Amino acid sequence: ADAENKTSEKKRSADGLSEEEQQVVDKLRARDREVRDHEQAHKRVGGPYTSAPTYSYQTGPDGQRYAVGGQVQIDASPIPGDPGATIDKMMVVKAAALAPAEPSSADRSVAAMASAQIAQAQAELNAMKSVERRGETVDKAV
């Protein structure tokens with residue numbers, strides 16, 4: 001029995017965790033770092049169009065909380081009456097969505113939506129320019 005106790009004592013880390021518990025903590029720490037890096041990438045690139053990151057947590061065997069999921073809200077609404085500004089904004093939104101090293105499917109969906117908004121705003125901008133050109137031609141003829 002003494003030999004078993006000494007063996008189990010050796011398998012405990014300095015903070016009293018078993019090898020298995022320490023492996024869980026190591027995985028949670030790695031996940032926490034990955035989640036935080038991912039969400040911070042969105043925030044850093046999205047700037048004024050993004051919220052502060054929010055996280056969901058899991059408590060490890062060491063009693064510490066580790067981020068295991070997260071999100072950043074992004075304002076992906078067009079700017080009414082200003083297709084040029086909408087294009088600029090959607091370029092930032094798209095870059096923010098794709099900023100993490102490994103964008104999620106939700107991130108890719110936001111990027112695709114931003115691309116569609118860019119195309120729509122570009123069409124509006126082209127239509128406005130066309131109307132302006134016709135207006136200039138008519139004005140010059142008068």
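Quick caveat, the model's predicted, so the values are computed rather than measured. (Residues numbered from 1 in each chain as written. Predicted model: local features only at pLDDT ≥ 70, side-chain atom pairs only at ≥ 80, totals over all residues. Heavy atoms only, no water.)

Caption draft 1: Expanded view of the nonpolar core. Ala 76, Ile 87, Met 90, Val 93, Ala 114, Ile 118, Ala 121 and Leu 125 together form the largest nonpolar core, which totals eight residues. Secondary structure elements with two or more residues in this core: α3 (83–97) and α4 (105–141). The element contributing the most residues to this core is α4, with four residues. Not counting residues up to four positions away in its chain, the partners in contact with Ile 87 are Ile 118, Ala 121, Gln 122 and Leu 125. (Core = buried A, V, L, I, M, F, W, Y, C linked by side-chain atoms within 4.5 Å. Buried < 20%, exposed > 50% of the residue type's maximum accessible area, 1.4 Å probe, protein only. Helix = DSSP H or I, 4+ residues; strand = E, 2+ residues; numbered from the N terminus. Contact = heavy atoms within 4.5 Å.)

Caption draft 2: Local environment of the environment of Arg 65. Its location among the elements puts Arg 65 in strand β2 (residues 65–71). Since its relative accessible area comes to 54%, Arg 65 is described here as exposed. Separated by 36 residues in sequence, Arg 65 and Arg 29 have C-alpha atoms that sit 9.4 Å apart.

Nothing here speaks to function; it is all geometry.
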